[in-house]
Amino acid sequence: MVDKEIWAEALNLAKDQLRHGKVHFSELEVVTKSIYEKLISLSCGPVIYIEPEPMNQIEAPQHVKTRKGVKCAVCGKEFKVLGTKHLESHGLTRKEYMEKFGVSKKDMSIKIARKTLTGEDNPLKQIQMIMKEFGIKRGEVTQFVMDKGYGGLKELTAEVKEKNIGLLELLKSSAEAQEAKDNKK
């Protein structure tokens, strides 16, 4: 069925083209049909070809264990130990989290390396040596070191390393220097 209004419009447009010399009289019918078909397709609205953009896959947070820490699979925060207190903030128990994300007990924390001091670098060993050499009690060691002109055991240890001498030798030399000062007075 032909829409008479659209056909009349198509015929008028074709006649305009004939008047301007763009179309010959013998082509009038073909041009009118062509214009009519275009007007019909435009009356339905524009034809838009849209290519969908490829969807970027959103990576779900995963439980990851690295050298520095363990990454929570829920929020992505990194911890040395993924403990129950943090998991409670997500409404999960430790067991539920491990089951949900397929994590073993050993993957819930990293091995924390602790620097243990041995020999004369160990503060307890230093205290013991001072107690034995100078015949003082444990509670008196800090005050004894401070009386020798040091801010504490750490400061004494730093000076021992700086001067590259033994702890007791440094204390004895500072004791001798203190006695020489007292004798001059």
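So, here is what we can say about the structure in this document.

Rules and cut-offs
- Residues numbered from 1 in each chain as written.
- Predicted model: local features only at pLDDT ≥ 70, side-chain atom pairs only at ≥ 80, totals over all residues.
- Heavy atoms only, no water.
- Pairing = 2+ DSSP bridges.
- Helix = DSSP H or I, 4+ residues; strand = E, 2+ residues; numbered from the N terminus.
- Phe/Tyr/Trp six-rings, centres within 6.5 Å; stacked < 30°, edge-to-face > 60°.
- Buried < 20%, exposed > 50% of the residue type's maximum accessible area, 1.4 Å probe, protein only.
- Salt bridge = Lys/Arg side-chain N within 4 Å of Asp/Glu carboxyl O.
- Contact = heavy atoms within 4.5 Å.
- Polar contact = N/O pair within 3.5 Å; in protein donor to acceptor, adjacent residues only side chain to side chain.

Spatially, 1-2-3 is the arrangement adopted by the three strands of the open sheet, whose pairing is antiparallel. The sheet is open, and its two edges are formed by strand 1 (64-65) and strand 3 (78-79), each paired on a single side. When strand 2 (residues 70-71) meets strand 3, the two strands line up antiparallel, connected through two bridges. Counted as the bridge partner of Val70 is Phe79 from strand 3.

To continue, consider the packing of aromatic side chains. This structure, assessed with the given rule, holds three aromatic pairs. Taking 4.7 Å as the distance between ring centres and 45° as the angle between the ring planes, the aromatic pair formed by Phe134 and Phe144 counts as tilted. Separated by ten residues along the polypeptide, Phe134 in helix 5 (residues 123-134) and Phe144 in helix 6 (residues 141-147) bring together distant segments of the chain. Judged by its relative accessible area of 15%, Phe144 falls in the buried class.

Note on pairing: side chains with opposite charge can pair once their charged atoms come close. Counted by the stated rule, this structure contains five salt bridges. Put simply, Glu29 and Lys33 hold a salt bridge, and the shortest N to O gap is 3.7 Å. Here Glu29 and its partner Lys33 are both found in helix 2 (residues 28-43), four residues apart, which amounts to about one turn of the helix. Judged by relative accessible area, Lys33 falls into the partly exposed class, the value being 44%. Where Glu133 meets Lys172, a salt bridge forms, and the shortest distance between an N and an O atom there is 3.0 Å. Of this pair, Glu133 sits in helix 5 while Lys172 sits in helix 8 (residues 167-184); the two residues are 39 residues apart in sequence, bridging distant segments of the chain. Judged by its relative accessible area of 35%, Lys172 falls in the partly exposed class.

Attention now goes to the side chain of His86. Mapped onto the fold, His86 is located in helix 3 (residues 84-88). With a relative accessible area of 15%, His86 lands in the buried category. Residue contacts for His86: discarding those within four places in its chain leaves Cys72, Cys75, Lys77 and Phe79.

Below, the discussion takes up the side chain of Thr32. Structurally, the position occupied by Thr32 is in helix 2. In terms of polar contacts, Thr32 uses its side chain to reach the backbone carbonyl oxygen of Leu28, at 2.6 Å. Thr32 has contacts with Trp7, Ala10, Leu11 and Ala14, leaving out every residue within four places of it along the chain.

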